[in-house]
Amino acid sequence: MKNEKYTHLSHTFGPLYDKSSEILILGSFPSVKSREAEFYYGHPQNRFWKVISAVYGCQQPQNIPEKKEFALKNHIALWDTIDSCDIIGSDDSSIKNAVATDLSPILSAADIKAIFCNGAVSHKLYMKHSYPLTGIAAVKLPSTSPANAAYSLERLISIWSEEISKYISL
């Protein structure tokens, strides 16, 4: 990690949802690029928007307003499992002193049918911090991060489609 130091950070932007949201997709904590953009999956090499638009058979949204519209139109809520933590850059594996996000605003406002975690770190943190409060088990999906080179775009789309279609009709 090239002598990088831990920084204590708090989430700087809120969740995306409305009362029609049916699925909740949780990342772990925003990357440097997402924090700069103040929106989810802001790194240009993160495959989230390519994957989720393919899962829904839609054109990939290109900017934040289009991404917000896409998510809400398709009843997708977005948030992260961690509200604040110590982290080095964007490295999920460096997260320590994590404080869980309060998911109750989404869960009380929308009829969420399933919670999906984008990656193993998000899932681990959700199961440790949030599951005891929500009682809703989350589905672990392979990360769309560019760091997850083991999964091709096609494989991500296939797995995400298969898992999401178990809970909602695509």
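Conventions adopted
Residues numbered from 1 in each chain as written. Predicted model: local features only at pLDDT ≥ 70, side-chain atom pairs only at ≥ 80, totals over all residues. Heavy atoms only, no water. Pairing = 2+ DSSP bridges. Helix = DSSP H or I, 4+ residues; strand = E, 2+ residues; numbered from the N terminus. Axes fitted to C-alpha atoms, helices over the stretch in contact; angles between N-to-C directions. Contact = heavy atoms within 4.5 Å. Core = buried A, V, L, I, M, F, W, Y, C linked by side-chain atoms within 4.5 Å. Buried < 20%, exposed > 50% of the residue type's maximum accessible area, 1.4 Å probe, protein only. Disulfide = S-S within 2.5 Å.

Trainee: I tried to follow the sheet that holds strand 7 (residues 138-141) on my own but got confused; where do I start?
Mentor: What links the strands of a sheet is backbone hydrogen bonding, and the strands pair in either a parallel or an antiparallel sense. Here four strands make up an open sheet; going across it, the order is 3-2-6-7 and the pairing parallel. Each edge of the open sheet carries a strand with a single partner, namely strand 3 (76-80) and strand 7. Within the sheet, the average angular offset between the axes of one strand and its neighbour, ignoring direction, is 25 degrees. Relative to strand 7, strand 6 (residues 114-118) is paired through four bridges, and the arrangement is parallel. Of the residues in strand 7, the one forming a bridge with Ile115 is Ala138. Against the sheet, helix 2 (residues 48-55) touches strand 2 (23-27), strand 3 and strand 6, its axis set at about 155 degrees to strand 3.

Trainee: It is not clear to me how the nonpolar core should be interpreted in this structure. Could you clarify?
Mentor: Grouped burial of nonpolar side chains is what soluble globular proteins tend to show. With 38 residues, the main nonpolar core has Ile25, Ile52 and Trp160 as its most contacted residues. Mapped onto this core, the elements with two or more residues apiece are strand 2, helix 2, helix 3 (64-73), strand 3, strand 6, strand 7 and helix 6 (153-164). With five residues, helix 2 is the single largest residue contributor to this core. Non-local contacts of Ile52, meaning those with residues more than four positions away in its chain, are made with Ile25, Phe70, Ile76, Trp160 and Ile164. Core analysis: the second largest hydrophobic core is formed by seven residues, Ile82, Ile87, Ala98 and Leu125 among them.

Trainee: Just checking my understanding: could you explain the state of the cysteines for this structure?
Mentor: One covalent bond between the sulfur atoms of two cysteine residues makes up a disulfide. Going through the model one piece at a time under the given rule, you end up with zero disulfides. Here Cys85 stays free of any disulfide, with the sulfur of Cys117 as its closest cysteine sulfur at 15 Å. On the accessibility criterion, Cys85 (0% relative accessible area) is buried.

Read these as layout, nothing more, since geometry by itself doesn't imply function.
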